[in-house]
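Coordinates in review
Chain residues, written in single-letter form:
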Amino acid sequence: MRVFKFGGASVKDAEAVKNVVSVLRETGHDNTLVVVSAMGKITNAMEAVVDAYFNDKKGLAAAMEEVVAYHQVILKELFGNGNHAIFRKVKVLVDEVNGFLAWNKSPKYNFVYDQVVGYGELISTTIISAYLNEIGIENTWLDVRDFIKTDNSYRDVGVNWEKTQQKVTEGIDKSQLYITQGFLGSDDNNFTTTLGREGSDYSAAILAYCLNANSVTIWKDVPGVLNADPRYFEETQLLHKISYREAIELAFYGASVIHPKTLQPLQGKEIPLHVKSFVQPKNEGTTVGKGIGIEPNVPCFIVKKNQVLLKLSSLDFSFIVEDSISELFKLFHQHKMKVDLIQNSAISFSVCVDNTFGRLEEVLNLLKSRFKLVCHEGVSLYTIRHFNEAAVSSLQNGHEVLLEQRSKETIQLVVK
């Protein structure tokens, strides 16, 4: 069985959905499980609904209406007037969101987030499954929450692999075409959970692992894995082949094409990962699999924007040793702040962190009581794999370098 994953850009409007049909017809669609994200920027719109629920009750209806209106345009272009059964199915899903927001009593943001935001995926897959059936491509819609079982660390859950394997083995017939959601799972109480932003790639890998799939293909709006993000770098090159190890390194440092957790399950069963263009599906794209390094062997640039650089030093010039470092990492873990770079000396400790969950102020208040602290917000972390001096110079021009760290293969620069 093959696993395909289509992201938000590949299903952003009616024409994009029709293009997914073209890809399926061109590649064949027997024995295929298709994982689909929310349409376009709907995840952002659903996040705005959650934000309004907590912070702007008067704006809640308008935030929800934006989600409804976006999908209505696509529905009308795909199915014509509102008589088709799909309009009622989508309304049921919208009513479920509104119903949850009306009766929910939990004050926990992360819990509410997971119950609400995933409806982007539920709506998109419901529409796409119905459209495929409408034009004669028979398929079965699956609720992925019945298959991917997780713990209850809402917004960043861990997978219960044993239960997930059991559910997939019992519930999926490898000879069919299925449409299901990325990003979602459920806990032991059957509350919805999410795998983290951009988690749909991970969903595809989880399902591929449990199905012993032949391959996973991620369909993108780029030709494959490039050596740099074209949004930030003018000249980019396509990487034709990447080893699992190299891809894991790139993902760890923040390469946006592949989700960091995606590769481990695929490597475990040596399932090849293809990253291909949904605009030119016949092109080879990039293959991640067994092998050595990358082809071609060129510098790879990765940038993480809006990072926070913290420079800590001891108040009494005492050493920052294992106990202090252990406490610092525990603090970052408790506040869900991902550590992207560390550098320490005898009496100082520098760390570049990601403030995804908005808890920086809490952390700063705790650190100020124990350390001298300098905080740089809004910095960028650049990583170059397989760097050369020309590549390094290209980043240093026009930037103030706050911190630099080199190893044999990799250089990282925190710049302002």
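One structure accompanies this document, and this report is about it. Bear in mind that the values here come from a model prediction, so they are computed numbers and not experimental data.

Some words on the overall build of the chain
On a plain count of helices and strands, the chain comes out with 13 helices and 17 strands. Its C-alpha atoms give the chain a radius of gyration of 23 Å, within 12% of the compact-globule value 22 Å for 416 residues. Along the first, second and third principal axes, the C-alpha atoms of the chain reach 75 × 50 × 40 Å. Across the 416 residues in the chain, those meeting the buried criterion constitute 52%. With 44 positive and 49 negative side-chain charges, the chain shows a separation of 1 Å between the mean positions of the two kinds.

Quick look at the packing of aromatic side chains
Per the stated rule, a full pass over the model turns up 16 aromatic pairs. A cation sits over an aromatic face here: Lys 336 above Phe 357, 5.6 Å from the ring centre. Above the face of the Phe 252 ring, Lys 338 is positioned so that its terminal group lies 5.5 Å from the ring centre.

A word on empty space enclosed by the protein
Considering all chains together, one arrives at two cavities of 30 Å³ or more under this definition. Computed from the structure, the largest cavity encloses a volume of approximately 40 Å³. Phe 252, Tyr 253, Lys 304, Lys 338, Val 339, Asp 340, Leu 381 and Gln 412 together form the lining of the largest cavity. Looking at the lining of the largest cavity, the elements with two or more residues in it are helix H9 (244-253) and strand S13 (338-344). Take the lining of the largest cavity: its biggest share by element is three residues, from S13. Of the residues assigned to the lining of the largest cavity, the class counts are four nonpolar, one polar and three charged.

With respect to the pattern of salt bridges
Under the definition given, this model contains 14 salt bridges. Across the salt bridge formed by Lys 91 and Asp 95, the nearest N and O atoms sit 2.9 Å from each other. Separated by four residues within a single helix, Lys 91 and Asp 95 lie in helix H4 (residues 85-103), roughly one turn from each other. Since its relative accessible area comes to 51%, Lys 91 is described here as exposed. By relative accessible area, which is 38% here, Asp 95 ends up partly exposed. Between Asp 143 and Arg 145 there is a salt bridge; the shortest N-O distance is 2.8 Å. As far as burial versus exposure is concerned, Asp 143 and Arg 145 are alike and both buried. Several salt bridges share partner residues, and in doing so they unite Lys 304, Lys 338 and Asp 340 into one network.

Cut-offs applied
- Residues numbered from 1 in each chain as written.
- Predicted model: local features only at pLDDT ≥ 70, side-chain atom pairs only at ≥ 80, totals over all residues.
- Heavy atoms only, no water.
- Helix = DSSP H or I, 4+ residues; strand = E, 2+ residues; numbered from the N terminus.
- Rg over C-alpha atoms; globule rule 2.2 N^0.38 Å.
- Buried < 20%, exposed > 50% of the residue type's maximum accessible area, 1.4 Å probe, protein only.
- Lys, Arg positive; Asp, Glu negative; His and termini not counted.
- Charge placed at Lys NZ, Arg CZ, Asp CG, Glu CD.
- Phe/Tyr/Trp six-rings, centres within 6.5 Å; stacked < 30°, edge-to-face > 60°.
- Lys NZ or Arg CZ within 6 Å of the ring centre and 35° of its normal.
- 1 Å grid on protein atoms, 1.4 Å probe; cavity = no way out; pocket = protein on both sides within 12 Å on 5 of 7 lines; lining within 4 Å.
- Points joined across faces, edges and corners; volume = space filled by probe spheres on them.
- Nonpolar A, V, L, I, M, F, W, Y, C, P; charged D, E, K, R; others polar.
- Salt bridge = Lys/Arg side-chain N within 4 Å of Asp/Glu carboxyl O.

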